[in-house]
4 protein chains.
Amino acid sequence: MAGNSFGEIFRITTFGESHGKGIGVVVDGCPPHIMLKQADFDHEMARRRPGSGEFDTPRKEEDDVEILSGVFEEVTTGAPIALFIKNRDASSKSYDYMKTLFRPGHGDYTYHMKYGHYDYRGAGRYSARETAARVAAGVIAGKILSQAGIKVTAYTVEIGGIGIESKDLSVITENPLCCPDMKRYKEMEKALSDAKAMGDSLGGIVEVLVKGCPAGLGDPVFDKLSADLAKAVMSIGAIKGVEIGAGFEAARLRGSQNNDPLTLSGFSSNNAGGILAGISNGDDIILRVAIKPIPSIALAQDTVDKNGNPEKIKASGRFDVTAIPRVIPVLEAMVKITLADHFLRSMITENYRKLQDAESQNGKK
Amino acid sequence: MAGNSFGEIFRITTFGESHGKGIGVVVDGCPPHIMLKQADFDHEMARRRPGSGEFDTPRKEEDDVEILSGVFEEVTTGAPIALFIKNRDASSKSYDYMKTLFRPGHGDYTYHMKYGHYDYRGAGRYSARETAARVAAGVIAGKILSQAGIKVTAYTVEIGGIGIESKDLSVITENPLCCPDMKRYKEMEKALSDAKAMGDSLGGIVEVLVKGCPAGLGDPVFDKLSADLAKAVMSIGAIKGVEIGAGFEAARLRGSQNNDPLTLSGFSSNNAGGILAGISNGDDIILRVAIKPIPSIALAQDTVDKNGNPEKIKASGRFDVTAIPRVIPVLEAMVKITLADHFLRSMITENYRKLQDAESQNGKK
Amino acid sequence: MAGNSFGEIFRITTFGESHGKGIGVVVDGCPPHIMLKQADFDHEMARRRPGSGEFDTPRKEEDDVEILSGVFEEVTTGAPIALFIKNRDASSKSYDYMKTLFRPGHGDYTYHMKYGHYDYRGAGRYSARETAARVAAGVIAGKILSQAGIKVTAYTVEIGGIGIESKDLSVITENPLCCPDMKRYKEMEKALSDAKAMGDSLGGIVEVLVKGCPAGLGDPVFDKLSADLAKAVMSIGAIKGVEIGAGFEAARLRGSQNNDPLTLSGFSSNNAGGILAGISNGDDIILRVAIKPIPSIALAQDTVDKNGNPEKIKASGRFDVTAIPRVIPVLEAMVKITLADHFLRSMITENYRKLQDAESQNGKK
Amino acid sequence: MAGNSFGEIFRITTFGESHGKGIGVVVDGCPPHIMLKQADFDHEMARRRPGSGEFDTPRKEEDDVEILSGVFEEVTTGAPIALFIKNRDASSKSYDYMKTLFRPGHGDYTYHMKYGHYDYRGAGRYSARETAARVAAGVIAGKILSQAGIKVTAYTVEIGGIGIESKDLSVITENPLCCPDMKRYKEMEKALSDAKAMGDSLGGIVEVLVKGCPAGLGDPVFDKLSADLAKAVMSIGAIKGVEIGAGFEAARLRGSQNNDPLTLSGFSSNNAGGILAGISNGDDIILRVAIKPIPSIALAQDTVDKNGNPEKIKASGRFDVTAIPRVIPVLEAMVKITLADHFLRSMITENYRKLQDAESQNGKK
């Protein structure tokens, strides 16, 4: 209820602040007998870690995930899995300048209004650092999906207004933006360098592709898979919009264009983005999100302080020119967590039907 | 958990099918002492009702909301409020043609895959008729918001690719699309007539404006107000995308352009759409949704039947050329329900702080 | 959150007041393909109905359960099942005398304190009439349990201090108290007649026996099966205590006496009452509840009115001499609902394990 | 849903195993501005710690509570509070003897049946060690209650069949059983020594007294305060029964004896135990629980091993002769957590009413 949990069956609760002892998550509802060890987290944590790419802040963290509970002899037990990631390089000194200033585009003002205080040390709870816990939980969700044959991939399709023209997913590991068009990537890279030189930042659009999702995930009428995915991704601070399938473009199509005809070999188009009436239809799930430019910039901006005096503010701490490389693993994690939850939810009806079938078989004999 | 409930404190559970006895909702968590009588529902129900506008199906329903519980002498008691709306004109005969066909763009296929059956009588549970219950619940939410001085208005900003050029909210009651630009409305009207003549349908974009929302609504980190609003609106069947504030456009702005500077008289722009770090900032909340064209069209479409044979399907029942006039009150209802829930959630901290203040006052004496 | 829902997967939400239009319940999470028709409810509703036994109020109700949704052609669809029971004989006139008086032992005072009002017409929401909705929901839960081979039976083991000496469950349908000892039943009957003659009322102890429950139901650590059963039964107004297995007697045993040894043919005793560490162990589940005497009595009692004046109150409306015959079906219903919920919860892990096994089989090939 | 969380507004999620890295809890929904530091936990943790009393196991733990998040400069921020307690003396060697044996009275068998494995190292998740996390969370709940003037005290009223004859709460800190009758305490002490000498164990009955609870806590109809308290305490492994007020004795009283008359100075008796129709009535809340004798005993008991062979088992690890001294702080913690949750829940209606009153005042002007 206080907002720090997500999911029903596969349920995560995150905790921790950017400049406190660390960041953590409790994953409740993970089935037993799944192999899990500390090293399983390394790859995803490295992807989200600041300082790993050329567009990132110089903050250096190792982000080792410590498994505090729920795993015995490298296998999950069914007990809640608590994960903890220590904050190593958490100098709060560099944030002193804003002890009384509200940074534009950040939660300083709203947290101050809600809680009567805000944590000036790099945003505290509403720092992007919180998402490290989501990535860690996403690794566990990913193990469940992998047993189900479901694969989630996110990649940049637009940065600072520069969109892709071709889509070759085999190249997304070759550039820090996970861009599937190397030619346009070069232009995106240039735009980012230019923005950086100006002390400014850029946003963009990322697409998420889910392959292998069976038909039948999602619960009517409020817990539609589309609705839960929308909530999942909109709970990431930098994201300001989400669309499924044709999305906003669907609003410009005629019904005869937008409908996906059914054929013997499946749907012949995928404007629905793999979800019909809130339930997965077995086709690829496709969604896109809008990521705003990072609000912390080196340019001077107007603001007020806590006492209501007008001030200028200029970010002097660590900051990136775009959040995208780090948002991508978080986005994948949130999509994985949502799918794992609905996948486990679907177990109920599925197993119950097996029981009914067995019984009606018995009845026939 | 089974997906038919929404909200935490102000919690609604809907039930009913399009061609069963009726549609209903239980509203749990409504505070006592709010005046409520049957006639309070009439205006909103009439707005959502099919057959009321020129773009709508000829289905004629009165949609009287019967209050089954929770109200005594026209005042809420704090007990759950159950509302029921009888289905009056529910001939399922006209749906016989699709008893074995999956309609493209509808939930027939996915419900069949999930539940092992689907209700061929006008979609059953995934019919738009279910949203009547949401509109009824929205009326109660609206009463709470009205005591808090919060007002929610939705209006069409684009239909079939035709966007508005001016925004005069005083004219939205003068046209069935709630379009704030009468000149462009004429063009939208023409586009709808053309689509209808072709046996086709159109979608569009609707904007929701929330005025008077205090700062501080929304709970970090997953139950951000933006995340809950996204889920709320994406749970409406026809909606394929949602954006807050500048939304997808924010992805094309630089940080220096997108940040809303704070001044002595408030924020000097509103790209954030009234929500920062997931918490309302006291400014107008603005969101836009993409509504897909209605899938039921008079044109022949490819599909398959339950046995996997290829077939052609042509809608011959009742259908609209656009869902927008009827989606608008549903959209407002879902936004109201989300805000009422977070408004009541904010009571906890607010009253607790009053308690703490009173105590610290006592301590000082 | 507002307290009118129970269960996680099999989730019921009740609504309605004793002297309003009726009482109802929405059951969300019932699997599809279960046969269900109106007549299925008749037997259980008749058991709970007042006026059916000799110790009951003369209030005459038929308690027909109307299925409002979730069932198509007498089979559940997976959609929420709404049930409604009209109030037929709901004269509130006889309650006028207590319009301003707080009845001792009833919720008048506490509802007044909590909500700033109370419904003087026969208790409104906190009337025993609300339990009719639970019994109706229990019928659906019972269908699920029956597919699982689980059977729930409740019977009186003590009334007004008179306890049973033998236990023959085959006779419980032969007396209105469901007493398994016909000899002691005669004494109980006499005690009830005496109490009635004095204008007084009696309470008693009821035992619930669950046969056929598989091992493995219940979730650690808070949602223990024992904890959820305790909440379920303590949510019935008249119940003031609950014990599992040896219960309070276990507090007087030595460990060597209380432990149930495991043998090749199962547990050789059942002090645990079928639940170990909160999880069912496959043995019979046994619990007992304490039911207080009905607070409405013909004898004059001291009370105060809303304005704080001392008054005498004497029940002149309809009232029973003991609640037990009517509590029994409610108690069975709440136990069934709790078990059905945990049974469906157990489907998740069970089906997931089948998936894992299938995969590891594939791996071996 | 997976059972490791409790509470709605003040919501705790525990994690950890007896012989893993440690035990922890995340408290979500704690209001901001409450003073909290590590030392605040010391007293309660010391009470629960094994090895502190004469009837306890020699296991020596310091149980320092580390605050991982949610507190800044010794004040709560409104963010989730994660607490962690390291396992220091966790030799699992002494449990090797039961690697394949199911201990009678423990969860070994049921966990094995549910999860397909069990943690033989001192019970793992179902160890009493898990309750350390509850005690830590209870300290935070206690801070909220203390601001509300609510005080919770538990004390032993019976051990091994020896009941108290007088009740002087001022002496409960003078003996390890928190017994309010020093004379009977001596007899209890003797009974415990005797049981220990025999290699056996004893159970008993503990009463919990809540003073200062305002009227109005509890939500009808399922989340009655009595029902939530019952679940809270029955979720403690050793507890097999709970009763409120007169409890099982109420089943033997007549209505005229059991009803608590209202007078100008309050209720003239308290058979209701402070709760009417599930809502606190402003009087003392009184409940009693039955605690079973500790199942681990030095006497040989019959059991089977995982392969179904009959075996004898004798506890050779660390074990207590009675759980009561350590259960008392856990019991107080669970009652505090339940009350804090309902106290915060009551803030919603309370603050909303203030808003309504302010508005109606404005209307009058």
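Residues numbered from 1 in each chain as written. Chains lettered and ligands numbered in written order. Predicted model: local features only at pLDDT ≥ 70, side-chain atom pairs only at ≥ 80, totals over all residues.

### Regarding the overall build of chain A
- Within chain A, the secondary structure is distributed over seven helices and 18 strands.
- The C-alpha radius of gyration computed for chain A amounts to 22 Å, which stays within 12% of the reference 21 Å derived for 365 residues, consistent with globular compactness.
- Oriented by its inertia axes, the alpha-carbon framework of chain A measures out at about 80 × 50 × 40 Å.
- Burial analysis of chain A (365 residues in total) assigns 65% to the buried set. (Helix = DSSP H or I, 4+ residues; strand = E, 2+ residues; numbered from the N terminus. Rg over C-alpha atoms; globule rule 2.2 N^0.38 Å. Buried ≥ 20, exposed ≤ 12 C-beta atoms within 10 Å, placed from the backbone.)

### Re the interface of chain A and chain B
- Contacts between the two partners involve 91 residues from chain A, matched on the other side by 90 residues from chain B.
- Ranked by residue count, the leading element in the side of chain A that touches chain B is helix 5 (residues 225-234) of chain A, at six residues.
- Its residues assigned to classes, the side of chain A that touches chain B comprises 41 nonpolar, 31 polar and 19 charged.
- Where strand 11 (residues 239-244) of chain A and strand 11 (residues 239-244) of chain B come together, three bridges link them in antiparallel fashion. Paired with E243 of chain A across the two strands is G241 of chain B, which belongs to strand 11 of chain B. (Contact = placed C-beta atoms within 7 Å. Nonpolar A, V, L, I, M, F, W, Y, C, P; charged D, E, K, R; others polar. Pairing = 2+ DSSP bridges.)

### Looking at helix 4 (residues 182-197) of chain D
All names here are of chain D.
- The first and last C-alpha atoms of helix 4 sit 23 Å apart over 16 residues, in line with the 22 Å expected at 1.5 Å per residue.
- Along its buried surface, helix 4 packs onto strand 8 (151-159) and strand 9 (162-163).
- Two residues or fewer past helix 4, G199 is found with a positive phi of approximately 75°. (Expected span 1.5 Å × (residues − 1).)

### Side note on the interface of chain D and chain C
- In this assembly, 91 residues from chain D lie in contact with 91 residues from chain C.
- In the side of chain D that touches chain C, the residues fall into 41 nonpolar, 31 polar and 19 charged.

### Points about the relation of the copies chain D and chain C
- For the pair chain D and chain C, the superposition axis carries a translation of 0.0 Å, the fit reaches an RMSD of 0.0 Å, and the rotation angle comes to 180°. Read as a symmetry element, the transformation amounts to a two-fold axis. Measuring from the rotation axis to each C-alpha of chain D, the shortest distance belongs to K231 of chain D, at 2.4 Å.
- A shared interface surface links the copies, since 100% of the contact residues of chain D are contact residues in chain C too. (Least-squares fit on C-alpha atoms with pLDDT ≥ 70 in both.)

### Notes on the sheet that holds strand 2 (residues 11-16) of chain D
Residue and element names in this part refer to chain D.
- On the basis of which strands lie adjacent, the open sheet formed by five strands has the order 1-2-3-7-4 and antiparallel pairing. Of all the strands in the sheet, the pair left with one neighbour each is strand 1 (5-6) and strand 4 (65-67).
- Where helix 3 (residues 131-148) meets the sheet, its contacts fall on strand 2, strand 3 (22-28), strand 4 and strand 7 (81-86), and the angle it forms with strand 3 comes to roughly 35°. (Axes fitted to C-alpha atoms, helices over the stretch in contact; angles between N-to-C directions.)

### Some words on the relation of the copies chain A and chain B
- Rotating chain A by 180° and moving it 0.0 Å along the rotation axis overlays it on chain B with an RMSD of 0.0 Å.
- By residue overlap, the copies meet face to face through one surface: 99% of the interface positions of chain A are interface positions in chain B.

### A closer look at helix 3 (residues 131-148) of chain C
All names here are of chain C.
- With 18 residues, helix 3 should cover 26 Å at 1.5 Å per step; its first-to-last C-alpha distance of 25 Å lies within 8% of that length.
- Within helix 3, 14 of the 18 residues are buried, which leaves it mostly tucked inside the rest of the structure.
- Positive backbone phi, approximately 80°, marks G149, located one or two places after helix 3.

### Quick look at the sheet that holds strand 1 (residues 5-6) of chain A
Residues and elements named next belong to chain A.
- Taken in spatial order, the five strands of this open sheet run 1-2-3-7-4, and their pairing is antiparallel. The two strands at the open ends of the sheet, each matched to only one other strand, are strand 1 and strand 4 (65-67).
- With three bridges connecting them, strand 4 and strand 7 (residues 81-86) associate as antiparallel partners. For I67, the partnering residue across the bridge sits in strand 7 and is L83.

### Details of unusual backbone geometry
Residue and element names in this part refer to chain A.
- Cis peptide bonds are those with omega within 30 degrees of zero, and the linkage from P220 to V221 qualifies with 0°.
- Secondary-structure assignment places V221 in the loop between strand 10 (204-211) and helix 5.
- Phi at H33 is positive, roughly 75°, even though this residue is not glycine.
- By the secondary structure assignment, H33 is in the loop between strand 3 (22-28) and helix 1 (42-48).

### Quick notes on the environment of A340 of chain C
All names here are of chain C.
- Summarising the element assignment, A340 is placed in helix 7 (residues 324-364).
- On the basis of neighbour count, A340 is assigned to the buried category, with 29 C-beta atoms found within 10 Å.
- C-alpha separation for the pair A340 and L217, spaced 123 residues apart in sequence, amounts to 9.8 Å.
- When residues no more than four places from it in sequence are discounted, the contact partners of A340 are F10, A141, I144 and L145.

### Remarks on the pairing of strand 10 (residues 204-211) of chain C
Residue and element names in this part refer to chain C.
- With six of eight residues buried, strand 10 lies mostly within the body of the structure.
- With eight bridges connecting them, strand 8 (residues 151-159) and strand 10 associate as antiparallel partners. Bridge pairing links T156 to V206 in strand 10.

### Examining the packing of helix 5 (residues 225-234) of chain C against helix 5 (residues 225-234) of chain D
- For the pair helix 5 of chain C and helix 5 of chain D, the least separation of the axes is 8 Å and the interaxial angle reads 165°. Classified by the angle their axes make, helix 5 of chain C and helix 5 of chain D are roughly antiparallel. For the pair helix 5 of chain C and helix 5 of chain D, the crossing hand works out as right-handed. From helix 5 of chain C, S226, A227, D228, A230, K231 and M234 of chain C reach across to helix 5 of chain D, where they touch S226, A227, D228, A230, K231 and M234 of chain D.
- Counted by class, the contact of helix 5 of chain C with helix 5 of chain D contains six nonpolar, two polar and four charged residues. (Parallel < 35°, antiparallel > 145°, perpendicular 65-115°, else oblique. Left-handed = near helix turned anticlockwise from the far one by under 90°.)

### What to know about the environment of G29 of chain C
Residue and element names in this part refer to chain C.
- Among the structural elements, G29 can be located in the loop between strand 3 (22-28) and helix 1 (42-48).
- Look at G29 and you get buried, because 23 C-beta atoms sit within 10 Å.
- As a C-alpha pair, G29 and R134 span 105 residues in sequence and 15 Å in three-dimensional space.

In short, shape yes, function no, at least from these values alone.
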